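Tertiary structure, described
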Amino acid sequence: MRQFHRKNPHITLFVVTFIIVAFVALITTTNTTYGFKGFSLFSFNPSSPWPWSSTTTTTIVTPLSSLAAVTPLGLNHSSPPNPNTALYPSFNSDKMQRVVNELIKDLNAESELRRGKQRDKNLDKVEAGLAKARALIRDATLNQSCSSPLDQVADYVPHGDIYQNPYVFHRSYSLMESIFKIYVYEEGEPPLFHYGPCKDIYATEGVFLSFMESNTGFRTRNPDEAHVYFLPFSVVMILEHLFDPIIRDKAVLQRVIGDYIRTISTNYPYWNRSLGADHFMLSCHDWGPRATWYVHKLYFTSIRVLCNANTSEFFNPRKDASIPEINLRTGAITELTGGLPPSNRTVLAFFAGQLHGRIRPILFRHWKEKDDDIRVYETFPQGISYTRMMKKSKYCICPSGHEVASPRIVEALYAECIPVVISQHYILPFSDVLYWDSFSVSISISEIPNLKEILMGIPEEKYLRMHERVKQVQRHFIVNDPPKRYDVFHMIMHSVWLRRLNLRVNG
């Protein structure tokens, strides 16, 4: 598809983009139609610039430029959940299906109550602005060959093969900067709310919470003009302060998050207006997805921004966003990038880490301390620097552990080392915008025994191109204080913006 589009851009884009701003009135799955007599409380754009393919491989996202329509599919227990599922898919699990049936019932009831009622003028104004943005993005898609984004005057303009479509991304990003507004609920006190860890493995969560508290560019104090509403709880801090490691009562998440949703849905009309569809939460904790289960609308309906973006655990990229896991070991955000030039990288591939999960035992069985070119360690040798090894390696192996996400992917990008991603059911961060195949290598578990052969088979010319692209893509994973355009904070914002563009809330 990517090759066809490059040869025939006008054919591909015209056929599949002319309905980009058309919306369905009903939400559908394979077996179920929601809503009453042509009216539903909210609906997904069936042909947005950011649809997702039906596969569950690491590079799961269809390029921005292809704009293929998404077909909702049901789920069954014999295969991984399909990320193309409609909002409320069908399950063979009685427990899951009961929950979905109740959500469908709530949606139908709310849709029926509002049918024929006076429209929400504030919401209509918000939706009109989003409709205009979609039209402008469509225009960038159709006319990208007529004008180059490089003609624009700016500090940085997306270009090159690291992007699915730099023209569409540039237009979308510019629109986000100019109109996107987020309301942050002020209820809740630190350390459980409005605060998070800004160092170690969960730093992304704390950094985002911190910047949202101080950001004046996207944050609005007027909830009537907001496009989305942020739920500022920290799963990390809830578990750190309330979870007893001996009793191991996970219901603390249910109590805290459930009480918070009840509070904001009682004090404000916005959660009930959309049943949570235009609300989002963010978490980098392994239990982030589990935390949302205790409020079913949060789990199935809201935008979940997660590091643990695992489609086998019902991460749905149609509404959920994958973000990078960044390990700020000391909390410092300076002097994290850089490495040796390609000619001085003497190690073919490197990994050091603990033995856990399903993938690493296989990696260790084949490569642990067995090859001078493939350096794989469980116990890191004394006198050798982990960071220095990454900076002198051509490829950095990034296998999933207990969860699909790994901070090594960002560490590799920082060290200008090509990430070798070994995972299952993982949606890579920002993959609706970034073309990961241009600057990383993805291999399946079955290919682990052939790892050296695969890497040695990559031509030097291709490696050098990938190395340059890694240096280019770094900017999208760097933490800046204050945030800078196109850095990781803004890329997270853009991911939320895309999910809101993919949704229409009916007033």
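Below is a summary of the structure that appears in this document. In this text, all values refer to a predicted model and were calculated from it rather than measured experimentally.

By the criterion of burial, strand S9 (residues 393–399) is predominantly enclosed, with 7 of the 7 residues buried. Direction of pairing for strand S7 (residues 347–352) relative to S9: parallel, over a ladder of 3 bridges. Within S9, the position partnered with Phe350 by the bridge is Cys396. With 5 bridges joining them, S9 and strand S10 (residues 418–422) adopt parallel strand pairing. Counted as the bridge partner of Ile397 is Val420 from S10.

This next bit is on the pattern of salt bridges. Applying the stated criterion to the full structure yields 25 salt bridges. Ionic pairing is found between Arg171 and Asp139, a salt bridge with its closest N-O pair at 3.7 Å. Pair noted here: Arg171 is in helix H5 (residues 166–179) and Asp139 is in helix H4 (residues 121–142), with a separation of 32 residues, a long-range link. With relative accessibility at 28%, the residue Arg171 sits in the partly exposed group. Look at Asp139 and you get partly exposed, because its relative accessible area is 33%.

Turning to the sheet that holds S10, a few remarks are in order. Here 5 strands make up an open sheet; going across it, the order is S8-S7-S9-S10-S11 and the pairing parallel. Since the sheet does not close on itself, it has two edges, and those belong to strand S8 (374–377) and strand S11 (441–443), each with one partner. The mean angle between the axes of side-by-side strands here comes to 20°, regardless of whether they run parallel or antiparallel. Strand contacts of helix H12 (residues 360–367): S7, S8 and S9, with the helix running at about 125° to S8, the strand carrying the most contacts. Contacts from helix H16 (residues 460–473) reach S9, S10 and S11 within the one sheet, and its direction differs from that of S10 by about 95°.

Analysis parameters
Residues numbered from 1 in each chain as written. Predicted model: local features only at pLDDT ≥ 70, side-chain atom pairs only at ≥ 80, totals over all residues. Heavy atoms only, no water. Buried < 20%, exposed > 50% of the residue type's maximum accessible area, 1.4 Å probe, protein only. Helix = DSSP H or I, 4+ residues; strand = E, 2+ residues; numbered from the N terminus. Pairing = 2+ DSSP bridges. Salt bridge = Lys/Arg side-chain N within 4 Å of Asp/Glu carboxyl O. Axes fitted to C-alpha atoms, helices over the stretch in contact; angles between N-to-C directions. Contact = heavy atoms within 4.5 Å.

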